[in-house]
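A look at the structure
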Amino acid sequence: MNDLQAGAAAWATWLNSCCNQSEGQPEPLQGPRAVQAVVLGVLSLLVLCGVLFLGGGLLLRVQGLTALLVPERRMSREAEPGGTSRGNDDS
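Definitions and limits used
Once a new chain begins, its residue numbering starts again from 1 and follows that chain's sequence as written. pLDDT decides what is reported in this predicted model: residues at 70 or higher carry local features, side-chain atom pairs at 80 or more are listed and counted, and totals for whole chains, interfaces and linings draw on all residues regardless. With hydrogens and water set aside, each side-chain value is computed from the structure's full complement of heavy atoms. In this text, helices come from DSSP runs of H or I with a minimum length of four residues, and strands from runs of E with a minimum of two, each type numbered from the N-terminal end. Three labels apply to residues, based on accessible area from a 1.4 Å probe with only protein chains included: buried if under 20% of the type maximum, exposed if over 50%, partly exposed otherwise in between. Exposure above 30% relative accessible area and the lack of any salt bridge qualify a residue for a patch; like charges then connect within 9 Å, and the nonpolar side chains Val, Leu, Ile, Met, Phe, Trp and Tyr within 5 Å. All accessible-area figures derive from a Shrake-Rupley calculation using a 1.4 Å probe, and residue coverage is judged against the displayed protein chains alone. Salt bridges, as used here, are contacts in which a Lys or Arg side-chain nitrogen is within 4 Å of a carboxyl oxygen on Asp or Glu.

**A closer look at the overall build of the chain**
Across its full length, the chain holds two helices and zero strands. Out of the 91 residues in the chain, the part that is buried amounts to 0%.

**Considerations on a nonpolar patch on the surface**
On the surface, Val35, Val38, Val39, Val42, Leu43 and Leu46 cluster together into a nonpolar patch covering about 540 Å² of accessible area. With respect to the helices and strands, Val39 occurs in helix α2 (residues 30-79). For Val39, a relative accessible area of 44% translates into the label partly exposed.

Shown next, in the form of structure tokens:
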């Protein structure tokens, strides 16, 4: 148990000396982080524009299809015998 305590104490001493050096730690580089942020922002904008472009194209396609189907529905209603009245004819 004495060896275990000595090992733990040695580990704590090494960890304390290693991680608590204020003058030995290099400062993080600000340049690469700024470049990374710019690249990430540009890519995000490209993805957003792509989604909007595809979504807008799909909406236009759906509007075009519905515009084609509306006259067909009107013509099919007018072609039905009896018109659009679907009430009781028993009276």
